[in-house]
Amino acid sequence: MKLENLIFDFDVFASKMADLKDKQHFDYLITIVGEDFGEEGLGCVYLLENTESHKRVSVKILARTQMCGDNIASNGRGETDGMTMSYIPTVSHLWKGANLLEREVYDFLGIVFLGHPDMRRLFLRNDFQGYPLRKDFKATDAYTLEDDEEPDYGLEYFIDKNGCLQSKQNRLFTDDDYVVNIGPQHPSTHGVLRLQTVLNGETVKRIYPHLGYIHRGIEKMWESMTYPQTLALTDRLNYLCAMQQRHALVGVIEEAMGVELTDRIKYIRTIMDELQRLDSHLLYVGCCAQDMGALTAFLYSMRDREHVLNCMEETTGGRLIQNYYRIGGLQDDIDPNFVKNVKDLIKYMKPIIQEYVDVFGDNIITHNRFEKVGPMSKSDCISYAVTGPAGRASGWKNDVRKNHPYDMYDKVEWEQITMTGCDTMDRYTCHISEMYQSLKIIEQLIDNIPEGDFYVKQKPIIKVPEGQWYFSVEGASGEFGVYLDSRGDKSPYRLKMRPMGLSLTGALDPMLRGQKIADLVATGAAIDFVIPDIDR
């Protein structure tokens, strides 16, 4: 969608955002885009959705700038006193998912959010110098192998009665807290995710996620690339959603350029997206079993996932890194055997999915480990932006393919799977049911792929008109979107991803308070995050 930003005066921003949520029911905060707007200064673009009408709006706010403190002391340690800080009022009290999103903006652009209780870096080291997404940032080769000294407090910024910007400390732990690091070297965190967990015996009191161990600065790298060059990096985010993530990137560029795709391209992209969903969901059900100590179901899923990858590989040449979509269509036409192989796959997969339920899903141990574990209500899922099967397990109909259809999703019959249990068991069941729906979608399309071009030719040097756009797809774990700010050049001024896993990670703390450590492993497996997607 092309963004027509609402622009509020700074002094009324907080009340206007509250009105959008409370009076106009924009209760889903899709993402917050921090940006250096050049001469305008630093600021943010907020993307919001009304979950009843599915209407979306964007709000732009420019940050104010002020020297922090009185250059002598503050209510905290005073480490930011004398520094010129950019600031915006927080919305974390309105949308709980804003907690990590605002920390991300602070980490990369140095904008602090008034009233946010925990202004710490999220991805980068605490001793990192500068803010890399500012246009005047100069990278250096400086690097250290010293331990990163982490504060045991978060800073909260506020405007005092004299109108001065001040900060105070909010302690993260009490003297009696018992803190355990789960990850980053732990198999059940599915990658280098570190969960700083406060325990009372075996009961979880609080979880602080530490991210960025595999952060590669992709959004910064994109700013110096041409549009075709940007595509290669999407496959290396959530590598189980390579098709969908590249789909979002080419989708936003094509929409901005006004490219009209042929029906053949739309059919093939829809089929490939659903094959990729099968690939991801098969590994998901296997990893859920493996994390609970059930190896057989994991081997079953890996066995069947090979059949899916074989269908894709004949056309794309890849099994993990697909590299198939490009601006204007596809890299090549489908393999001559593609239709036959996909039809054989459908015939094979339909009865085989029940095996996972028989072997693992309906096991009494699985029910004991999954039921009433990691609960989260529908309203909290919306507030924390828990999209995908994890949110639909709580009854939130958040599927982008239904709410904002693209390609052929509004031309085929399929059901959006929702549950009401709000727990880990329903998240697992939702994934199982969605595999049947993916097969149903593919089955309706595979025999009807129309003739036509697989690629709409583009100019050798692609330039996107000036403006801001956002395009999202339904990834295997939730909504994956791309925000594009173009200044009419051959490179993007700003490309920002809405990762699937960041909001899921932020929801782990409320899901697991009062639960056991073992429940943390089960819940982490069931919400289905992949670390390169979070860290980018």
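For the structure given in this document, a descriptive report is provided here. Note that the structure is a prediction, hence the values are computed from the model and not measured.

What follows is about the overall build of the protein chain. Assigned secondary structure in the protein chain consists of 17 helices and 17 strands. Whereas a compact globule of 536 residues would reach a radius of gyration of roughly 24 Å, the protein chain reaches 23 Å, a difference of no more than 12%. Seen through its principal axes, the protein chain has C-alpha atoms that stretch 75 × 60 × 50 Å. The 536 residues of the protein chain split such that 60% are buried. A sequence separation of at least 24 residues applies to 66% of the contacts in the protein chain between residues at least 6 apart. By element, 49% of the accessible surface of the protein chain is carried by carbon and sulfur atoms, the whole surface being about 21,500 Å². Positive and negative charge centroids in the protein chain, built from 60 and 80 side chains respectively, lie 2 Å apart.

Our next topic: helix α16 (residues 517-527). With 9 of its 11 residues buried, α16 lies for the most part within the structure. Buried within α16 we find Asp519, Leu520, Val521, Ala522, Thr523, Gly524, Ala525, Ala526 and Ile527. Within two residues after α16, Asp528 carries a phi angle of roughly 70 degrees, on the positive side.

The subject of this paragraph is the environment of Ala522. Within the secondary structure, Ala522 sits in helix α16. With a relative accessible area of 0%, Ala522 lands in the buried category. C-alpha of Ala522 to C-alpha of Val373: the two residues are 149 residues apart in sequence and 7.7 Å apart in space. Residue contacts for Ala522: discarding those within four places in its chain leaves Met292, Arg369, Phe370, Val373 and Thr424.

On to a nonpolar patch on the surface. A cluster of nonpolar side chains, Tyr239, Leu320 and Ile321, forms an exposed patch at the surface whose accessible area comes to about 220 Å². As for its position among the elements, Leu320 is in the loop between α7 (295-316) and β13 (325-326). Accessibility expressed as a relative area gives 39% for Leu320, which makes it partly exposed.

On to the packing of aromatic side chains. Taken as a whole, this structure holds 14 aromatic pairs when the rule is applied. Ring geometry for Phe128 versus Phe137: centroids 6.1 Å apart, planes at 20 degrees, classification stacked. Measuring from ring centre to ring centre gives 5.1 Å for Tyr406 and Tyr409, while their planes differ by 70 degrees; the resulting arrangement is edge-to-face. Cation over ring: Arg269 sits above Tyr325, and NZ or CZ is 5.3 Å from the ring centre.

Turning our attention to the environment of Val456. You can see Val456 is positioned in the loop between α13 (424-446) and β15 (467-474). Beyond its immediate stretch of four places on either side in the chain, Val456 contacts Glu260, Leu261, Thr262, Ile265 and Gly328.

Bringing helix α8 (residues 338-361) into the picture now. Of all the bends in α8, the greatest reaches close to 35 degrees and is centred on Met349; the proline Pro351 follows between one and four positions later. Where α8 is concerned, the buried positions are Phe338, Val342, Leu345, Ile346, Met349, Ile352, Ile353, Tyr356, Val357, Phe360 and Gly361. The inward-facing, buried residues of α8 contact α6 (263-291), α7, α9 (364-370) and α13.

All chains considered together, the criterion is met by 0 disulfides. Of all cysteine sulfurs in the structure, the one in Cys287 sits closest to Cys288, which takes part in no disulfide; the separation is 7.6 Å.

For Asn323, which is not a glycine, the phi torsion comes out positive at approximately 55 degrees. Inspection of the secondary structure assignment puts Asn323 in the loop between α7 and β13. According to the relative accessible area criterion, Asn323 is partly exposed, its value standing at 39%. In the Ramachandran plot, Arg536 falls in the positive-phi region, its phi being about 55 degrees despite a non-glycine side chain. As for its position among the elements, Arg536 is in the segment after α17 (531-535). Taking relative accessible area as the criterion, Arg536 reaches 3% and is therefore assigned buried.

Criteria and cut-off values
Residues numbered from 1 in each chain as written. Predicted model: local features only at pLDDT ≥ 70, side-chain atom pairs only at ≥ 80, totals over all residues. Heavy atoms only, no water. Helix = DSSP H or I, 4+ residues; strand = E, 2+ residues; numbered from the N terminus. Rg over C-alpha atoms; globule rule 2.2 N^0.38 Å. Buried < 20%, exposed > 50% of the residue type's maximum accessible area, 1.4 Å probe, protein only. Contact = heavy atoms within 4.5 Å. Areas by Shrake-Rupley, 256 points an atom, 1.4 Å probe, with all protein chains shown as cover. Lys, Arg positive; Asp, Glu negative; His and termini not counted. Charge placed at Lys NZ, Arg CZ, Asp CG, Glu CD. Patch = residues over 30% accessible without salt bridge, like charges linked within 9 Å, V, L, I, M, F, W, Y side chains within 5 Å. Salt bridge = Lys/Arg side-chain N within 4 Å of Asp/Glu carboxyl O. Phe/Tyr/Trp six-rings, centres within 6.5 Å; stacked < 30°, edge-to-face > 60°. Lys NZ or Arg CZ within 6 Å of the ring centre and 35° of its normal. Bend = angle between axes of the 7 residues up to and from the residue. Disulfide = S-S within 2.5 Å.

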